[in-house]
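Here are the chains, one letter per residue:
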Amino acid sequence: MVLKTIELEHSAICLGYSLYFKRKKKFDINKATNMNIPKILWNRLQKEEKIVYEGIRYDYTMVLGEERKGIKLSFITDTRPLSNICNFIKDSDLFICEGTYGDDNDIDKAIKNKHMTFREAATLAKNGEVKEMLLTHFSPAMINPNEYLENATEVFNNVTIGEDEIIKTLKFT
């Protein structure tokens with residue numbers, strides 16, 4: 001896993017996080033066959049082992065091909081929307097972002113308290129080209145966040161309102 005952080009803009013020191021779960025390279029059967037590597041070694045080489053077999057050294061680089069896309073999860077909360085966030089969250093499979101204020105009319109409160117509206121969070125998701133956004137960190141004054149969902153989906157379609165005990169499963173493509 002690769003963990004990155006970004007400094008955010010809030011009344012206290014606050015960081016955003018991006019976690020990238022790497023995936024092993026793809027096994028290349030053509031490489032293994034063309035190099036006459038015994039099949040009994042394929043599984044171990046795919047697990048990136050170095051092997052000496054019958055006096056011959058075998059290395060995983062001999063059978064592994066291209067990099068495969070991993071899974072990226074980004075988490076941004078307690079901040080105003082900053083221009084560098086879009087690049088930081090770019091291509092996230094799941095972007096968890098604050099939506100402290102659902103109502104667009106609360107923009108002055110959002111600016112004053114250094115938080116975001118649903119629409120601002122959705123704009124980050126759109127510009128960061130993420131696959132899915134989960135809105136969280138709601139103002140206690142917002143009784144029903146679902147009431148404001150359209151303010152986000154007008155900008156970015158794949159939005160879920162966070163709730164207690166929500167479960168999300170991310171899979172390698």
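Look up: the structure comes first, before these words.
An account of the accompanying structure is given in this report.

### A few points about helix H5 (residues 118–127)
Residues that lie three or four places apart on an α-helix share one face, since the helix turns once every 3.6 residues.
Phase 1 of the analysis: Listed in full, the buried residues belonging to H5 are Phe118, Glu120, Ala121, Ala122, Leu124 and Ala125.
Phase 2 of the analysis: Looking at the residues trailing H5, positive phi occurs at Glu129, about 55°.

### Description of the environment of Met142
Phase 1 of the analysis: With respect to the helices, strands and loops of the structure, Met142 is situated in the loop between strand E7 (133–136) and helix H6 (149–153).
Phase 2 of the analysis: According to the relative accessible area criterion, Met142 is buried, its value standing at 10%.
Phase 3 of the analysis: Residues Met142 and Thr100 lie 42 residues apart in sequence; the distance between their C-alpha atoms is 8.3 Å.
Phase 4 of the analysis: Non-local contacts of Met142, meaning those with residues more than four positions away in its chain, are made with Gly99, Thr100, Tyr101, Gly102, Phe118 and Tyr148.

### Re the pairing of strand E4 (residues 56–59)
Phase 1 of the analysis: Note that strand E3 (residues 50–53) and E4 share 4 bridges and pair antiparallel. Looking at the pairing, Lys50 lines up with Asp59 of E4.
Phase 2 of the analysis: Taken together, E3 and the strand that follows it, E4, pair antiparallel across an intervening segment of 2 residues, in which Glu54 is found at a positive phi of about 50°.

### Structural notes on the packing of aromatic side chains
Phase 1 of the analysis: What the rule picks out here adds up to 2 aromatic pairs.
Phase 2 of the analysis: On the numbers, 5.3 Å between centres and 45° between planes, the contact of Phe27 with Trp42 is tilted. Note that Phe27 is positioned in the loop between strand E2 (15–21) and helix H1 (29–34) and Trp42 in helix H2 (residues 39–46), a separation of 15 residues in sequence.
Phase 3 of the analysis: Under the relative-accessibility criterion, Phe27 is labelled buried at 19%.
Phase 4 of the analysis: Judged by relative accessible area, Trp42 falls into the buried class, the value being 14%.
Phase 5 of the analysis: Ring geometry for Phe118 against Phe138: centres 5.9 Å apart, planes inclined by 55°, an arrangement best described as tilted. Residue Phe118 is located in helix H5, and its partner Phe138 is located in the loop between E7 and H6; the two are separated by 20 residues in the primary sequence.

Cut-offs applied
- Every chain is numbered on its own, with residues counted from 1 as its sequence reads.
- For a predicted model such as this one, the threshold for reporting local features is a pLDDT of at least 70, and the threshold for listing and counting side-chain atom pairs is 80 or more; totals across whole chains, interfaces and linings nevertheless cover every residue.
- Here the side-chain values reflect all heavy atoms present in the structure, with hydrogen atoms and water set aside.
- Only protein chains enter the calculation, and the probe is 1.4 Å; a residue is then buried if its accessible area is under 20% of its type maximum, exposed if over 50%, and partly exposed in between.
- Helical segments are the DSSP runs of H or I of at least four residues, strand segments are the runs of E of at least two, and each set is numbered from the N terminus.
- The contact criterion used throughout is that any non-hydrogen atoms of two residues lie within 4.5 Å.
- Note on pairing: two strands pair once DSSP finds at least 2 bridges between them.
- Two rings belonging to Phe, Tyr or Trp (six-membered ring only in the last case) form a pair when the distance between their centres is within 6.5 Å. Interplanar angles under 30 degrees mark stacking, angles over 60 mark edge-to-face geometry, and anything in between is tilted.

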